[in-house]
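# Structural features, examined
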Amino acid sequence: MTTNRTLGSHYQIGRRLGAGNFGEIHLGRNNETQEHVAIKLEQILTRTPQLAYEYRFYKLLGKYDGIPRIQFYGQTGSYNALVMELLGPSLEDLFDLCSRRFSLKTVLMIGLQLLDRIEYVHSKHLIYRDIKPENFLIGRGSTNRQHIIHMVDFGLAKQYRTSDGTHIAYREHKSLTGTARYMSINTHLGREQSRRDDLEALGYMLMYFLRGSLPWQGLKADTLKERYQKIGETKRFTTHEILCEGYARQFFTYMRTVRQFEFSQVPDYNALRELFHNALNENNLVNDGDFDWIKVLQEHRSNRSKTKNTTLTGVAPSSVTTKKIINPVNGVSSTVRNNQELHNRTVAPRSICQHPLPLSSANATTATLNGGSKTTVSTASTTKTPVILPSLRSTTETHRPIPAKRQSLVAATANPSSNPSTNVNNCTKEQYSSYIGQPSVATCCFFKRKAKHALQITSATPKKS
């Protein structure tokens, strides 16, 4: 969809911020208040429309701390559009920013906030069914709400009570809905989800933040169904003791408690919150909203403002500057003292790899399984790294020695009258072959292999013996 279009008479649609199976998210602006907003777009003729359901759930939730404000829902051209409050980065983005490891204090404060959000959603007779770091966003720095975690994307939410107030019935052989990395074991077994499954998925996400990864990440499988089965089996065989070993004992108690909940049981949210409060007290920590990302974002914003001021005033930057760079291979950050050192570190990999491929980060990817039900698979999404152009050829390459098998040909062409039999234009096919050797097999320079084999490359990967 093209940008700079209007939505009604109040909103301007700007550049795209992201996209997924649901559609696209664009940056927008309220023409009356000049406030920036987020505009979620979905094609009207999409196979599985979700935006109307999401809007209905947002209206049901109403105004609550940690739930984004909804401003408008309507249509523009061939799209359904939902205008909502513009928020900051997701917990997954912040996790990467903090070198993919959160402190115990940050994880406990995240757990306390998200327990409040989940309890409120459950109080409105909704279950979320898609717990993952990408769906929790902090407030923007300009609004001083970077310590507030917001719950977004209710496209997979579901009402667990009927119109007469009764709990939905327990069922089996259900299609998988949610994010495979964090979904509950009961969901893997095809059982109907309820409140207990949201809480179990939250526990897996908190352990992901503490550990940096989960035991069932990176499993190889030929098909999506096999991958789901392997993830589910690994979860079942990974005991809570193994999962929580080396961390505060309250996480083990939390996982054991939520796994013992019955299908329609009302969770004791206060008891779960008390576990995290006890963990804070035992480790002499305070729930003051000082997350790991607060200082990092402040430094980033300060450096950006300094750069902007330098550009506006026309003052050249100091010859000795410090820059923090992150190695795209291992994520280890290091400090560069000056521009020359940065240039050296940037150019050095050229001699190692002329065509670097995009690296992968452990994010979740949305897919469809079992009759069109939207599911999200914990596969590695591609994160592109800056392409390093090949370095120029050295001057010595223009003076490479002539191959021995072509010496006679070069000598012959230099003085053709000295020996008529060595003239290539007059020689026979056998003589030509004897001078320059047998014709080589055509090769594909990119794959560095025979061309006919390079053309047979497919996406299928051979199984390891």
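Residues numbered from 1 in each chain as written. Predicted model: local features only at pLDDT ≥ 70, side-chain atom pairs only at ≥ 80, totals over all residues. Heavy atoms only, no water.

If you check an unreviewed UniProt entry, the protein appears there as non-specific serine/threonine protein kinase from Rotaria socialis. On record in UniProt, under Sequence similarities (unreviewed entry), the comment for the protein is "Belongs to the protein kinase superfamily." (UniProt positions renumbered as here; feature names shortened; annotations may be inferred.)

### Focus: the overall build of the protein
Counting its secondary structure elements, the protein contains 14 helices and 18 strands. Looking at the protein as a whole, 38% of its 465 residues qualify as buried. About 27100 Å² of surface is accessible on the protein, with carbon and sulfur atoms providing 52% of the total. (Helix = DSSP H or I, 4+ residues; strand = E, 2+ residues; numbered from the N terminus. Buried < 20%, exposed > 50% of the residue type's maximum accessible area, 1.4 Å probe, protein only. Areas by Shrake-Rupley, 256 points an atom, 1.4 Å probe, with all protein chains shown as cover.)

### So, the pattern of salt bridges
Throughout the structure, instances matching the rule amount to 15 salt bridges. Two residues, R273 and D116, come together in a salt bridge whose shortest N-O distance is 2.8 Å. Of the two residues, R273 sits in helix α9 (residues 269-282) while D116 sits in helix α3 (residues 104-123), which places them 157 residues apart along the sequence. The class for R273 is buried, based on a relative accessible area of 13%. (Salt bridge = Lys/Arg side-chain N within 4 Å of Asp/Glu carboxyl O.)

### Let's talk about the pairing of strand β6 (residues 79-85)
Every other side chain in a regular strand lies on the same face of the sheet, so the side chains alternate between the two faces. Buried residues dominate β6, accounting for seven of its seven residues. When strand β4 (residues 36-43) meets β6, the two strands line up antiparallel, connected through seven bridges. By the bridge assignment for β6, E42 is matched with N80. Examined bridge by bridge, strand β5 (residues 70-76) and β6 share six bridges and lie antiparallel to one another. Counted as the bridge partner of I70 is M84 from β6. (Pairing = 2+ DSSP bridges.)

### Focus: the environment of K174
Position of K174 among the secondary structure elements: in the loop between β10 (158-159) and α4 (185-188). The class for K174 is partly exposed, based on a relative accessible area of 29%. Note: C-alpha distance between K174 and H188 (14 residues apart in sequence) is 9.3 Å. Excluding anything up to four places from it in sequence, K174 contacts K158, G190, R191 and E192. (Contact = heavy atoms within 4.5 Å.)

### Here we look at the sheet that holds strand β3 (residues 23-30)
Strand order in the open sheet formed by six strands is β1-β2-β3-β4-β6-β5, and the pairing between neighbours is antiparallel. The outermost strands of the open sheet, each flanked by one partner alone, are β1 (5-7) and β5. Strand after strand, the sheet turns through a mean of 35° between neighbouring axes, direction not considered. Note that β1 and strand β2 (residues 11-20) share three bridges and pair antiparallel. (Axes fitted to C-alpha atoms, helices over the stretch in contact; angles between N-to-C directions.)

### A word on the packing of aromatic side chains
Summed over all chains, the structure comprises 18 aromatic pairs. Ring plane angle 55° and centroid distance 5.0 Å describe the contact between F102 and F209, whose orientation is recorded as tilted. With F102 in the loop between α2 (91-97) and α3 and F209 in helix α5 (residues 195-211), this residue pair connects regions lying 107 residues apart in the sequence. Three or more aromatic residues link up through ring pairs in this structure, and these residues are F95, F102, Y182, Y208, F209, F291 and W293. (Phe/Tyr/Trp six-rings, centres within 6.5 Å; stacked < 30°, edge-to-face > 60°.)

### Notes on α3
The terminal C-alpha atoms of α3, which comprises 20 residues, lie 28 Å apart, in line with the 28 Å expected from a rise of 1.5 Å per residue. A large share of α3 lies buried, amounting to 16 of its 20 residues. H125, located one to two residues past α3, shows a positive phi value of around 65°. (Expected span 1.5 Å × (residues − 1).)

### Let's talk about the nonpolar core
Ranked by internal contacts, the top residues of the largest apolar core, which has 74 residues, are I110, F154, F251, Y254 and W293. Discounting residues that sit within four places of it in the chain, F154 has contacts with E54, F57, Y58, L61, I67, V121 and Y128. If you look at the next biggest cluster of nonpolar residues, it comprises nine residues, including I13, I39, Y79 and V83. (Core = buried A, V, L, I, M, F, W, Y, C linked by side-chain atoms within 4.5 Å.)

### As for unusual backbone geometry
Unusually for a residue other than glycine, S99 sits at a positive phi of about 60°. The residue S99 is located in the loop between α2 and α3 in this model. With a phi angle near 70°, R129 is a residue other than glycine that sits in the positive phi range. Within the secondary structure layout, R129 lies in the loop between β7 (126-127) and β8 (136-138). Take R129: its relative accessible area is 17%, and that puts it in the buried class.

### Looking at the packing of α3 against α5
One can describe the packing of α3 onto α5 by two numbers: an axis separation of 10 Å at closest approach and a directional angle of 165°. In terms of orientation, α3 lies roughly antiparallel with respect to α5. The handedness of the crossing between α3 and α5 is right-handed. Contacts from L104, V107, I110, G111, L114, L115, I118 and H122 of α3 reach α5 at R195, D198, L199, L202, M205, L206, F209 and L210. Across the contact of α3 with α5, the residue classes break down as twelve nonpolar, two polar and two charged. (Parallel < 35°, antiparallel > 145°, perpendicular 65-115°, else oblique. Left-handed = near helix turned anticlockwise from the far one by under 90°. Nonpolar A, V, L, I, M, F, W, Y, C, P; charged D, E, K, R; others polar.)

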